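Architecture and fold: a report
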Amino acid sequence: MSTASSSAIAPFLESRSSRQLYHDRTLALLSTLAATSSPQTTSLLTLPNHPTHSSERRSTSTFLLRPPSSEELSVLLDPSLCNCRLVNPNVEIRLMYRVAGNGEGKSMAKWDLSAALKEQVRNNGFGGEWLILGVLLDGPDDATTTTATASSSAASALSNVAGLSNNTLLSECILEPGSSLHDNSEVSRTHVMKHASIVGCGSVTCPRSVVEASRKKCRFDMQRGSMDVEVGPEAGGGRLVRVCVESTLVDVCRDLNMDSGVTLAPLVPQPPTPKNDDVPAIPMNSLAPRSSLLHTPTAAHVALLPHSTIRSAQSVLSALLLPHAAISWGVTASHALLQWDATLTSHSDAHRVFLMERSEVGPHSFTANAIYGADAHVSGGEVHCTVFGPNANGHHQSLLIGILWPLGRGNVGYGSNVGSNHTGRIPDQETSVGEGTFWGLGSVIKFPVDLTHAPYSIVAAGVQLPPQRITLPFSLITDGPNNMNLLTPGWLLHYSPYTIARSEVKFANRRMAKRHDFYTGWKILRAGVMDMLVDARESLLSVGRRQQQQQQQSGGEGTSGNRAPASAVQGYKTDKAIPGLGANQLTEKGRQIGIKAYTAAIQRYALRGLLHRLVTMAKAQDEVLSAEDVLRHVGLEGVLAVSGHDMETTTSSTSKVNWPVLPWNEEAHTDPEAQWKHQHSLLMKELPSIISSTTNTNNNNNNNISILSTLLQKCVALEQDHAKRVYQSKSRDDARGAKTVPGYADVHVAAEKDSVALAAREEAESVKRDVAVVEEMMGIATGGGGARSRL
């Protein structure tokens, strides 16, 4: 594994190591307890200090475990002092406290802790077979009991008070010194570490039956932090994903074979299988330092890492929360894995779910068998058997069932029903969704549907989409005549480039899951998307060539490949007419829009690569360069002027039903040279189209320089046209709003001041400046034969 790959997954491996340390701590305490030969045995145990305690001066601390003396037991049971009760008269209580220094264990074993017990323990019931009761001492410990401030809430106040009070039953628990347990009905089989707290809860237990049921249901393994999630067919038995709490979307896609078994991004290795894969002899809940379990009626089989919290939930069974994750406010959850800062909240139901970093479910959501990518958000809807990719959002009441949406970045509008997965025989249908798909208000999607090769397409409000496969990117699908939807390919590129420009900024700003940043920061207009545009454009061109051939064979006049005959005015219907059109219709005007939009995007991408290559070369060189050297550097040496009106014919790769290349598996994702190689390849294919429309070609010695000048000027023109269309798409909204809604202009940012439109304009000006400098360097503007870098 490369250094970069190791660095990328280091936070995930470090998290796994931290979880193992807390697990080992529990096992060490249980082993010490089991090893005592008699109830009167005193034990010394050395444990690593918690990494969250920055004030610790040593890496380890030694603890004493001993039974209480008769005086200490009397203090615990005295109604006027600690007022505790032995629910089980035979319970074996062990006091646990920290040894001050090396060699002091023997003398400290005789210390009388009555005063500390009176201060920290009050009104509890002790039951079960055993109980480890931690006592915080002023001298050896770095933390003291904390008095609540007047401004803090009651729950926060009690969670900061070290000790035990008003717990009806404490049974078979490890309650380390500095832990806080107050006002609980029952806490059993739970390990509460220093600074962790359980306050105001009903039943906090870890019965073997729950652990075994979770393992049987979905192979939930708390130690490994793993479980199975079933996505796709709701009937089950289809796509089973083995997720670990430290998994990434790269791992999930590998498990689902979306990458055809090949990935360039690093994978987080699955945790090793324990030697004994059975249910632990004494299954335990675990609360790491600074974690909290507050005001929750039922919690069983849970593990909370530092700073994670379960607060005012309804019921939580079999859940593992990484640091700063939260389950709160009326949530009912079972079999849940939550990464850093992930949230289940506000009266949501979540079962068999995996939330990656910074993802959020709630309020009022119902989800089962779902995987949420980093920075994904769902509220007020239902999500079942779904992979909901990064930066995807569903903020309204909607339905998603059997959705495979690995690249996310889209939106689910209110009332969207993306879940018609039942054939009347069995609910086993599913839908694969492309990156950036927008489901409009009230849209109804009838399965199966595949949009993976139509990224950033919009299904307009109220559209009913029948089963189909669409491979025309950036499309708009609306209601059409004759009860057939109308599709306009490339609509977003041509009529609403503002959306794409804003999305690039939006996704970058909202990408808060920094641990997943090594693969989630892909560009919208990248190599893989350009290949889709090339295939889509070929589908649109091919119908023109076919009709041209048919006319020629019938004795009519031919037309160019991108201009259909008059018979096409009536339009094209379904993918029988145009591959990738699905079950929709397309007008001739729409076909021309798609060809124009796709061509502009492809050429803009390729020419920006050429310009970047030239500018980089100019910055790196300080000596005189010949024109041949410059052309060789950008792979244009020996290119002759060509003419012709048709773009090079390619064979579409979208006829085969497969997943597109995932962004992190594109060589260009992390390798600038690979990106330039791809841009150069497209540039060479686009040369006939670009050059045929110009007259700046002749057969003198500077012919290739003239071609280069043509390409650079084309780059300027495309960038200026893009900036113009970004502005126009926003200004159309401004004009329509001002004519419709009173006071609209007063509360909306006009296109002239809009940051996205201004950034597009500045980008166009920057390209123009770069081209001017490159042309000067090449001597194009002054007619020179050599070039000196002026950058």
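Since this is a predicted model, take the numbers as computed values, not measurements.

The rules behind these values
- Residues numbered from 1 in each chain as written.
- Predicted model: local features only at pLDDT ≥ 70, side-chain atom pairs only at ≥ 80, totals over all residues.
- Heavy atoms only, no water.
- Helix = DSSP H or I, 4+ residues; strand = E, 2+ residues; numbered from the N terminus.
- Buried < 20%, exposed > 50% of the residue type's maximum accessible area, 1.4 Å probe, protein only.
- Contact = heavy atoms within 4.5 Å.
- Areas by Shrake-Rupley, 256 points an atom, 1.4 Å probe, with all protein chains shown as cover.
- Axes fitted to C-alpha atoms, helices over the stretch in contact; angles between N-to-C directions.
- Parallel < 35°, antiparallel > 145°, perpendicular 65-115°, else oblique.
- Left-handed = near helix turned anticlockwise from the far one by under 90°.
- Polar contact = N/O pair within 3.5 Å; in protein donor to acceptor, adjacent residues only side chain to side chain.
- Pairing = 2+ DSSP bridges.
- Phe/Tyr/Trp six-rings, centres within 6.5 Å; stacked < 30°, edge-to-face > 60°.
- Nonpolar A, V, L, I, M, F, W, Y, C, P; charged D, E, K, R; others polar.
- Expected span 1.5 Å × (residues − 1).
- Salt bridge = Lys/Arg side-chain N within 4 Å of Asp/Glu carboxyl O.
- Core = buried A, V, L, I, M, F, W, Y, C linked by side-chain atoms within 4.5 Å.
- pLDDT = per-residue confidence, 0-100.

**Points about the overall build of the chain**
On a plain count of helices and strands, the chain comes out with 18 helices and 46 strands. When the 791 residues of the chain are sorted by exposure, 55% land in the buried category. Restricting to contacts in the chain with at least 6 residues of sequence separation, those with at least 24 account for 53%. Summed over all atoms, the accessible surface of the chain reaches about 33,000 Å², with 51% contributed by carbon and sulfur.

**Focus on the packing of helix 13 (residues 588-620) against helix 15 (residues 672-692)**
Where helix 13 meets helix 15, the axes come as close as 8 Å, and the angle between the chain directions of the two elements is 125°. Classified by the angle their axes make, helix 13 and helix 15 are oblique. Relative to helix 15, the crossing made by helix 13 is left-handed. Contact with helix 13, carried on its side by Thr599, Ile602, Gln603, Tyr605, Ala606, Leu607, Gly609, Leu610 and Arg613, involves Glu673, Gln675, Trp676, His678, Gln679, Leu682, Leu683, Glu686, Ser689 and Ile690 of helix 15 and no other residues of that element.

**Topic: the side chain of Arg66**
Positionally, Arg66 belongs in strand 2 (residues 60-66). Of the polar contacts made by the side chain of Arg66, one reaches the backbone oxygen of Trp111; its length is 2.8 Å. Discounting residues that sit within four places of it in the chain, Arg66 has contacts with Thr41, Thr42, Glu72, Ile93, Arg94, Leu95, Tyr97, Ala109, Trp111 and Leu113.

**Here's the deal with the pairing of strand 5 (residues 121-127)**
The element strand 5 is largely enclosed, with a buried count of five among its seven residues. Where strand 3 (residues 85-86) meets strand 5, two bridges bridge the pair, whose relative direction is parallel. Of the residues in strand 5, the one forming a bridge with Arg85 is Gly125. Examined bridge by bridge, strand 5 and strand 7 (residues 163-171) share five bridges and lie parallel to one another. Note on strand 7: the bridge partner recorded for Asn124 is Asn167.

**Focus on the side chain of Ser247**
With respect to the element layout, Ser247 can be found in the loop between strand 15 (239-244) and helix 7 (249-255). Residues in contact with Ser247, not counting those within four places in the same chain, are Phe12, Gln339, Phe354, Met356 and His516.

**Description of the packing of aromatic side chains**
Within this structure, the stated rule accounts for eight aromatic pairs. Ring centres of Trp491 and Tyr495 lie 6.2 Å apart, and the angle between their planes is 40°; on these two criteria the pair is classed as tilted. Residue Trp491 and its partner Tyr495 are both found in helix 8 (residues 491-495); the two are separated by four residues, about one turn of the helix. Centre to centre, the rings of Phe518 and Tyr519 are 5.0 Å apart; their planes meet at 70°, and the pair counts as edge-to-face. The exposure class of Tyr519 is buried, given its relative accessible area of 1%. A network of ring pairs unites the aromatic residues Phe518, Tyr519, Trp522 and Trp664 as a single cluster.

**Section: the packing of helix 11 (residues 527-553) against helix 13**
Contact geometry of helix 11 with helix 13 gives a least axis separation of 9 Å together with a crossing angle of 145°. For the pair helix 11 and helix 13, the crossing hand works out as left-handed. Residues Ala527, Met530, Leu533, Val534, Ala536, Arg537, Leu540, Leu541, Val543 and Gly544 of helix 11 pack against Arg591, Gly594, Ile595, Tyr598, Thr599, Ala601, Ile602 and Tyr605 of helix 13. Looking at the contact of helix 11 with helix 13 residue by residue, the classes come out as 13 nonpolar, three polar and two charged.

**Remarks on helix 13**
When the terminal C-alpha atoms of helix 13 are compared, their 48 Å separation across 33 residues agrees well with the 48 Å that a helix rising 1.5 Å per residue should span. Within helix 13, 26 of the 33 residues are buried, which leaves it mostly tucked inside the rest of the structure.

**Some remarks on the pattern of salt bridges**
Under the definition given, this model contains 31 salt bridges. A salt bridge links Arg215 to Asp221; the nearest nitrogen and oxygen atoms lie 3.7 Å apart. Residue classification places Asp221 among the buried positions, given a relative accessible area of 6%. Bridged by salt links that share partners, the residues Arg409, Glu435, Arg526 and Glu666 form one connected network.

**Comments concerning the nonpolar core**
Membership of the largest hydrophobic core comes to 144 residues, with the highest contact counts inside it found for Leu133, Ile327, Leu344 and Leu610. Ranked by residues supplied to this core, first place goes to helix 13 with 15 residues. Those residues in contact with Leu344 that lie beyond four places of it in its chain are Ala326, Ile327, Ser328, Val331, Ala333, Ala336, Leu338, Ala350, Leu355 and Val361.

**Regarding the confidence of the model for the chain**
Any residue range with low pLDDT should be treated as having predicted coordinates unsuitable for detailed reading. For the chain, mean pLDDT is 89; residues scoring 70 or higher make up 88% of the total. Across residues 143-152, confidence stays below pLDDT 50; counting only partners more than four residues off in sequence or on other chains, it has 13 contacts.

**Details of the environment of Leu321**
Looking at the element boundaries, Leu321 is found in strand 20 (residues 315-321). A C-alpha to C-alpha distance of 9.0 Å links Leu321 and Ile310, two positions 11 residues apart in sequence.

**Observations regarding the environment of Leu687**
As for its placement among the helices and strands, Leu687 is situated in helix 15. In this view, Leu687 contacts Leu636, Val639, Ser692, Ile707 and Leu711; residues no more than four positions away in its chain are not counted.

**Here we look at helix 11**
If you check helix 11, its first and last C-alpha atoms are 39 Å apart, about what 27 residues at 1.5 Å a residue would give, namely 39 Å. In terms of burial, helix 11 is a largely internal element, 20 of the 27 residues being buried.

**Some details on the environment of Gln675**
Along the chain, the position of Gln675 falls in helix 15. A C-alpha to C-alpha distance of 8.1 Å links Gln675 and Gly609, two positions 66 residues apart in sequence. When sequence neighbours within four positions are dropped, the list of residues in contact with Gln675 reads Tyr605 and Ala668.

**Focus: unusual backbone geometry**
For residues other than glycine, phi is negative in most cases, and the peptide bonds are mostly trans. The omega angle of the peptide bond from Gly362 to Pro363 is 10°, so this bond is cis rather than trans. Looking at the element boundaries, Pro363 is found in the loop between strand 25 (360-361) and strand 26 (366-372). Cis geometry is found at the peptide bond from Phe447 to Pro448, where omega equals -5°. By the element assignment, Pro448 lies in the loop between strand 36 (444-446) and strand 37 (449-450). The residue Ser318 is not glycine, and still its phi comes out positive at about 55°.

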